[in-house]
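# Structural characterization, general
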Amino acid sequence: MIRVFYDQNCSLCHLEINFYKKITRPNTIKWVDIKSNPNDVANIGLTLNQAMRRFYVADAQNNLYIGVDGFIQIWKVLPGWQWVAFMIKRPGIYSLAKCLYALFSWGRYRFHGYHRCNLDQQHIESK
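Residues numbered from 1 in each chain as written. Predicted model: local features only at pLDDT ≥ 70, side-chain atom pairs only at ≥ 80, totals over all residues. Heavy atoms only, no water.

Once that is clear, we can look at the nonpolar core. Grouped together as the largest cluster of nonpolar side chains are 20 residues, with contacts concentrated most on Val4, Tyr20, Phe55, Ile74 and Trp75. When contributions to this core are tallied by element, the ones reaching two or more residues are strand 1 (2-6), helix 1 (11-23), strand 2 (29-33), helix 4 (68-77), helix 5 (82-88) and helix 6 (93-111). Sort the elements by how many residues they give to this core and helix 4 lands first, with five residues. Residues in contact with Trp75, not counting those within four places in the same chain, are Tyr20, Trp81, Gln82, Val84, Ala85 and Ile88. Of all hydrophobic cores here, the second largest spans 11 residues; its members include Ile34, Ile44, Leu48 and Ala51. (Core = buried A, V, L, I, M, F, W, Y, C linked by side-chain atoms within 4.5 Å. Buried < 20%, exposed > 50% of the residue type's maximum accessible area, 1.4 Å probe, protein only. Helix = DSSP H or I, 4+ residues; strand = E, 2+ residues; numbered from the N terminus. Contact = heavy atoms within 4.5 Å.)

And the structure:
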């Protein structure tokens, strides 16, 4: 089973993950909201701030897949989506997808204002 670490407060992330949840076969993906489950984030060696900056997927051996590589892991287990994983891995398309994701993740982090606060310190103080 793979574990998907996502920000439930991001409206685009929320929409996409909820769509995936509807079509996921049982016991293939564990969905982890990073703000509600900071211990799960720490267990894969990330701080909350790191998890907010990028999209992470962990496999059963705790290998981390970041950004586009994480999406590929999801698409590989979604019914009817294996072709998307195959296409994204093609030379040229993969490089473009990585660049577009980097722009999106940078913008998302700044749009939500996470760059102005110390998320890790907030988590420590809230305990």
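There's more to say after this.
Considering every residue of the protein chain, the mean pLDDT works out to 86; 85% of them sit at 70 or more. Here residues 115-127 is a poorly scored stretch, pLDDT under 50, and it has 13 contacts once near neighbours within four places are set aside; other chains count. (pLDDT = per-residue confidence, 0-100.)

Attention now goes to the environment of Ile44. Of note, Ile44 is situated in the loop between helix 2 (38-43) and helix 3 (48-53). Between the alpha carbons of Ile44 and Leu64 there is a distance of 8.0 Å; along the sequence they are 20 residues apart.

Proximity of charged atoms lets side chains of opposite charge pair with each other. If you walk through the whole model with that rule in mind, you get two salt bridges. The closest approach of N and O atoms between Lys30 and Asp40, which form a salt bridge, is 3.6 Å. Taken as a pair, Lys30 in strand 2 and Asp40 in helix 2 lie far apart in primary sequence, 10 residues in all. Exposure remark for Lys30: the relative accessible area of 36% places this residue in the partly exposed category. A relative accessible area of 22% means that Asp40 is categorised as partly exposed. Lys98 is the salt-bridge partner of Asp69, the closest N and O atoms lying 3.5 Å from each other. Here Asp69, found in helix 4, pairs with Lys98, found in helix 6; they are 29 residues apart in sequence, far enough to count as distant. (Salt bridge = Lys/Arg side-chain N within 4 Å of Asp/Glu carboxyl O.)

Structurally, the position occupied by Asp7 is in the loop between strand 1 and helix 1. The buried category is assigned to Asp7, whose relative accessible area is 3%. A polar contact of 3.0 Å, which involves the side chain of Asp7, links it to the backbone nitrogen of Asn9. (Polar contact = N/O pair within 3.5 Å; in protein donor to acceptor, adjacent residues only side chain to side chain.)

What follows is about the pairing of strand 1. Burial analysis of strand 1 places five of its five residues in the buried class, which makes it a mostly covered element. A two-sided burial pattern is seen for strand 1, the buried positions comprising Ile2, Val4 and Tyr6 on one face and Arg3 and Phe5 on the other. Judged from the five bridges that link them, strand 1 and strand 2 form a sheet pairing that is parallel. By the bridge assignment for strand 2, Arg3 is matched with Lys30. (Pairing = 2+ DSSP bridges.)

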